[in-house]
Each structure stands twice: as structure tokens, then as C-alpha cells.
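The primary structure of each chain is shown beneath.
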Amino acid sequence: MTPTHPLTVLGIETSCDETAAAVVRLGARGSVEVLSSVVLSQIADHAPFGGVVPEIAARAHVETIDGVVGRALADAGVTVAQLSAIAATAGPGLVGGVMVGLSFGKAMALALGRPLIAVNHLEGHAVSARLTADAPYPFLLLLVSGGHCQLLEVAGIGACRRLGTTIDDAAGEAFDKIGGALGLAYPAGPALERLAEGGDATRFALPRALAGREGCDFSFSGLKTAAARLAAGLTTQADRRDLAAAVQAAIARQLCERTAAAMKTYARAHAGAPLRLVVAGGVAANAAVRRALEALATAEGFSFAAPPLAYCTDNAAMIALAGAERLAAGLTDGLDAVARPRWPLDEAAARLHPTHVAGRKGAKA
Ligand code: KG4
Ligand code: ZN
């Protein structure tokens, strides 16, 4: 059955340390309206442990999910009867949390007799710029968050091809770990950005992983170890400021170098068509990173789009939009959809070039 527009979709996101729900409306001509977006952060629950504790996260999602969904519906001024479908993150992420949101979504879908859409969290990030900007398919996507760092060619909903990924840590993880070594609270990315203000980025020499190498893969573990070692020996606030500035510049530089390589491949495949770069994920909230990538896009003849800060970090509006676009394309899921801790967006590329060798649990990103 072809769904009738406008589509009003409830999105649910519980894959990490945010319990989030949102209502998004997708018009027949692709117009997008975010009717509500509620994000309840668990950061305070995890801060004493310096990172996200899966059991604490799952428990907190269970305790708050109904209230968060209720508020999203109330803020949107929408009743459950007006929903076209329920979209919930089904992975990748901390599986206990994913199960909470997905089960809640299934129960609502069953009770209301509406379709369920099991959304890949990364696909949510992939569409996030489309919540507010005119970012038509196809585009080159740099997805940079706490758990992921990938370059993807996005031809449409459900049609992603991976061009590169990190061979060790994600960029957000590097921000968090180095920030932690500088004494900043988790998640340290935003605090490191503030600390870096006015710092001298040239004072500390940091390793340049994969510089000049072919391809578009990333590596941040060498930078993470070197910067954390340097941080341990620093005594003054000025030293810490300079190191933070150097780290931020090093991460921005690597993101630009690898994106520049991906742009060449992408431009060859899309000769004569408009070239677009979209940047999404928590690290896209960093102003220095955004500025550097926007300058690169301009230099290479690409247009540039990035979501506003609230939609860079985890939220449910992006899950609702991915769900609405899937619903419009007839891509719905059964109530037997499973929660997946690992779920690569481009499964073929992940199988061909696994980033984790056998013995670990397979490709995460
Ligand atoms: O997308 P996100 O909310 O969650 C994941 O799916 O991972 O991204 C969170 C990550 C964290 O590592 C956080 O430190 C980083 O994004 N982040 C930042 C900034 N804001 C968030 N990193 C650098 N500068 C920022 N302003
Ligand atoms: Zn995310």
C-alpha cells in the first residue's frame, strides 16, 4: 500500500546515552517539518565513570522512555492516532539500550496497527542535514561521531556506499580520550573545543597518521596516545590550551585530507552533476572542524551542508526522518526486527574490508 502524504512519524532513539523521541512530518514534495524533538541526556549518570556504562544506560532508558515519548507527542500537538508509522533505532549501539527503544516502538506499532521502521542509527545521521537544509541526494557524507568516522556516497535512502572508515578509533573518541587526559569531563569534545580557544596550535608536534597515503581511511589511535602522553606532563593552563588547539587542528586536518581524497573519487563518479558534501555526527558540532571542511568544499567545487548543532549529536528527529523516507519508499519492517549491536550501513563494503579482524566481533562501522 502506498502511504499517503504528509507522513507523520514518531522517532525513538536509545542507542547510547540519550533517550530521545521526536515527531517529524514529511510532505509529498519532500518538505520536512520537525514538530518536536525531545532529548534527555544521561551524561550526569555516566560522568563519575568517565564513559558510558551500558547497564546504567539501559536502565535509564527503561525508566524514562515513556515520559520522553509522551512529551514528544504533546510538544508536537499530535495524538497517537495521527501517526503514520513508528521508527525506532535498531542499531548499531549498546544493545541493552537499543532493545528498550525498539521494543517500545514495536509495542506502539502493534497497539496502533501502524508500520514499524527499524532504523540504522548511522542512516539517521546520514539524513540529519535534510531536517533543516536543502540537501538532495546524492551527496558525499562525512559521518564523524563518538563511535564512527566514515566517508560514504549516499545515493538515496537505504543506498549508501562506503568509501572509507577508521581503522582504529573514531574522531569523537579521540576528542573524548585526549580531553579526559587533559582533565576534562566526559564527553570531552565540547569542553576541548572551549579549552582550545586562543591556544597556539603550532607549539606541539603531533603524529600525522596516513598522511599522503592513498584511499580515504582514517586513523586516530596514534594521535590519541601521543597527545595523552603529552597531556600527562603539562602543568599550566596555557600548556593545556596549546595542546587542545594542536589536537583540534590535527583532527580537523586529517578529516580534511581524507575527505579531499574521497571528493576526487566522488567527483569522478558524478562528473557533470552537482557535487555536495554533507557533514554529520557529534564532531560536526565543532566549529573549527566545520570551518575547515566548509573551506575544503568551497575549494573543491562542492556545496556544503551540516545540520544545526542540536541535530549533529544524537537525537530522534533524524531517526523519524529516516523512518519517514523509508516509509515513503515502502521500506517497512516486521515486528520480528532485531536489535543489532553492530550494523554497518554498507554491509557489502564492511564484509569485503572488515575494520576488525576475526576474533573481535566483526565490523562495527
Ligand atoms: O553523534 P554523537 O552524539 O554520538 C555518537 O553516535 O557517537 O557524537 C558524540 C561525540 C562525542 O565523542 C563528543 O565528544 C563529540 O561527538 N562532540 C564534539 C563536539 N560536540 C560533540 N567533539 C568536538 N567538538 C565538539 N564541539
Ligand atoms: Zn550518533
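Preceding this paragraph is the structure being described.
Just so you know, these numbers come straight off a predicted model, no measurement behind them.

**Student:** I tried to follow the packing of aromatic side chains on my own but got confused; where do I start?
**Tutor:** Aromatic ring pairs: the centre-centre distance and the angle between the two ring planes describe each pair. In this structure the tally under the stated criterion is three aromatic pairs. Note on Y137 and F139: the rings are 5.5 Å apart at their centroids and 20 degrees apart in plane angle, and the pair reads as stacked. Their ring planes at 50 degrees and their centres at 5.9 Å tell us that Y266 and F302 sit as a pair that is tilted. With Y266 in helix α8 (residues 237-269) and F302 in the loop between α9 (287-300) and β10 (303-305), the pair connects residues that are 36 residues apart, well separated along the chain. We classify Y266 as buried; its relative accessible area is 1%. For the cation-ring pair, R130 lies above Y137, with the distance from its terminal atom to the ring centre recorded as 3.9 Å.

**Student:** Is there a simple way to explain the sheet that holds strand β5 (residues 116-120) in this structure?
**Tutor:** Two modes of strand pairing occur in sheets, parallel and antiparallel, and in both the strands are linked by backbone hydrogen bonds. Judged by pairing direction, the sheet is mixed, and its five strands sit side by side in the order β3-β2-β1-β4-β5 without closing on themselves. Edge positions in the open sheet fall to β3 (32-41) and β5, since each of these has one partner strand only. Here the strands of the sheet are splayed against their neighbours by 20 degrees on average, with no regard to which way each runs. Judged from the four bridges that link them, strand β1 (residues 7-13) and strand β4 (residues 85-91) form a sheet pairing that is parallel. Paired with I12 across the strands is A88, a residue of β4. Its contacts with the sheet put helix α2 (residues 54-76) on β1, β2 (18-26) and β3, and the angle it makes with β2 is roughly 30 degrees. Its contacts with the sheet place helix α3 (residues 95-112) against β1, β4 and β5, and it is angled at close to 155 degrees to β4.

**Student:** It is not clear to me how the environment of A126 should be interpreted in this structure. Could you clarify?
**Tutor:** Among the secondary structure elements, A126 is positioned in helix α4 (residues 121-127). In the structure, A126 is positioned 31 residues away from I157 in sequence and 8.9 Å away in space, judged by C-alpha atoms. Residues contacting A126, with those up to four places away along its chain left out, are F139 and L141.

**Student:** Where do I start with the site of ligand 1 in this structure?
**Tutor:** Taken together, the neighbourhood of ligand 1 is formed by 20 residues, with G146, D176, E193, N286 and D314 sitting nearest. At 3.2 Å from an oxygen atom of ligand 1 is found a main-chain nitrogen or oxygen belonging to G172. A total of 560 Å² of accessible area belongs to ligand 1 in isolation, and the protein chains cover 89% of it. Those elements giving two or more residues to the shell around ligand 1 turn out to be α4, α5 (171-181) and α6 (189-196). Of the residues contributing to the shell around ligand 1, the split by class is six nonpolar, eleven polar and three charged.

Thresholds applied
- Once a new chain begins, its residue numbering starts again from 1 and follows that chain's sequence as written.
- Numbering of ligands from 1 and lettering of chains from A proceed in the order in which they are written.
- The predicted nature of this model means local features are confined to residues of pLDDT at least 70 and side-chain atom pairs, given and counted, to a pLDDT of 80 or more, with totals for whole chains, interfaces and linings taken over all residues.
- As a rule here, side-chain values cover all heavy atoms of the structure and leave hydrogens and water aside.
- Pairing of aromatic rings covers Phe, Tyr and the six-membered ring of Trp, with a centre-to-centre limit of 6.5 Å; geometry is then stacked below 30 degrees between planes, edge-to-face above 60, and tilted otherwise.
- Secondary structure elements follow DSSP: runs of H or I no shorter than four residues count as helices, runs of E no shorter than two count as strands, and numbering proceeds from the N terminus.
- Burial status follows relative accessibility: with a 1.4 Å probe on protein chains alone, a residue under 20% of its type maximum counts as buried, one over 50% as exposed, and anything between as partly exposed.
- For a Lys NZ or an Arg CZ to count as sitting over a ring, it must be within 6 Å of the ring centre and within 35 degrees of the ring normal.
- Note on pairing: two strands pair once DSSP finds at least 2 bridges between them.
- Whenever a helix is involved, its axis is fitted only over the stretch in contact; in every case the axis is a line through C-alpha atoms, and angles between N-to-C directions fall within 0 to 180 degrees.
- Contacts are assigned to residue pairs that have any heavy atoms within 4.5 Å of one another.
- Being near a molecule or strand, for a residue, means having at least one of its heavy atoms within 4 Å of it.
- N or O atoms closer than or at 3.5 Å make up a polar contact, with two conditions inside protein: a donor-capable atom paired with an acceptor-capable one, and, for residues adjacent in sequence, both atoms drawn from side chains.
- Note on areas: Shrake-Rupley, 1.4 Å probe, and residue coverage restricted to the protein chains presented here.
- Three classes are used: nonpolar for Ala, Val, Leu, Ile, Met, Phe, Trp, Tyr, Cys and Pro, charged for Asp, Glu, Lys and Arg, and polar for all others, with Gly counted as polar.

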